[in-house]
Every structure is written in structure tokens, then in C-alpha cells.
Amino acid sequence: MFVPFILGSKVDVPHAEKIKEILEDFGVKCKIHVSSAHKVPEKTLKIINHYNKMKGPIVFVTGAGRSNALSGLVSANTHFPVIACPPFSDKADYLANIHSTIQMPSETPAMTVVDPGNAAQAVLRILSLCDEKLKSKVEKHMKIVQDSFDVDL
């Protein structure tokens, strides 16, 4: 079980760290790479191919703003799931980033999850399909969340 992050810029690292922290709390190993699909596509492909040679389960997480070619490039070059979680600094930035992320070309299924916490939960649920121990942790976490709403006033 492993989650490689590929980010389009160093400024995206704090955004990815929010996701990574949750995954590591569940015992999932991660590594963050910074590699722009536009500026260094050969480096990006080398990173993807490194993980393609590994045995799964693996879920890629991508984070890129503005013109998000990164998520599509990753998805087009791996058989593993790709979750795109675009960073944004304000509403205008959000609109540009979300539109470039959800408009992937055909045959490049990068799933878009905007909230970093939900991106982490999506990764955990995908990985829990292959790991009973992780499945148990996810179910326990879900029960705690659900129980927090069971309050009579």
C-alpha cells in the first residue's frame, strides 16, 4: 500500500501535507514528488513509470493549479487510480483550478476531490478494498464520526 503524490509546484506541498498527514495516521506510506507536467514532463513520466513497476495497491494523488495537465498525464500513463486534489488560494483561483482539473480528456480518469480531508478519505477507502486491517480502521473512524452526530439536545 503506497500513495505517491505528484505536485506541479513546491507551493503545493503544504496542501499535499494535509492529505499525507491523515494517510500516515492510518498507517499508509506516502512520498511527495514535485514535477510539473508542463515544465519537466520527462521527469514526471519517470516518476509514474517507477510506481508502475511496483506491485499495488497504489493510489496516485496529484495537485496542480491553473492548467492542470498533471492529473491527466499521470492518469494516461498508469493503471492505478488517480485522485486530483487541486490547491487554491481564493475563490477566483478555485474556479480556475477546479475547471482545469475536472475537464480531463477521454481515457484519463482522474477523480477530482476538492477538500484535502475528503481526498485522504477517498484514498483510504480505495486502499481498504485490498487490506482488511485498513478497512477495519476506516470503519472504526466512520463510526466515531457518525457517533459524534448522535447527540440529543
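Computed from a predicted model, the values in this text were never measured in an experiment.

About the thresholds
- Residues numbered from 1 in each chain as written.
- Predicted model: local features only at pLDDT ≥ 70, side-chain atom pairs only at ≥ 80, totals over all residues.
- Heavy atoms only, no water.
- Salt bridge = Lys/Arg side-chain N within 4 Å of Asp/Glu carboxyl O.
- Helix = DSSP H or I, 4+ residues; strand = E, 2+ residues; numbered from the N terminus.
- Buried < 20%, exposed > 50% of the residue type's maximum accessible area, 1.4 Å probe, protein only.
- Core = buried A, V, L, I, M, F, W, Y, C linked by side-chain atoms within 4.5 Å.
- Contact = heavy atoms within 4.5 Å.

> Got a sec to walk through the pattern of salt bridges? Specific residues and values, please.
Evaluated as defined, the whole model comprises two salt bridges. The salt bridge partner of lysine 20 is glutamate 24, with a shortest N-O separation of 3.6 Å. Of the two residues, lysine 20 and glutamate 24 are both situated in helix α1 (residues 13-25); the distance of four residues between them amounts to about one turn of the helix. Owing to a relative accessible area of 17%, lysine 20 belongs among the buried residues under this scheme. Exposure remark for glutamate 24: the relative accessible area of 41% places this residue in the partly exposed category.

> Describe in detail the nonpolar core, supporting the description with residues and values.
Val3, Phe5, Ile19, Leu23, Val28 and Val123 are the most contacted members of the largest nonpolar core, which totals 21 residues. Among the elements that line this core, the one with the most residues is helix α5 (residues 116-127), at five residues. Beyond its immediate sequence surroundings of up to four residues, valine 3 is in contact with Leu23, Val28, Lys29, Cys30, Lys31, Val59, Val61, Val123 and Leu127. Ile48, Ala64, Phe80 and Ala84 belong to the second-largest nonpolar core, a separate cluster that totals 16 residues.

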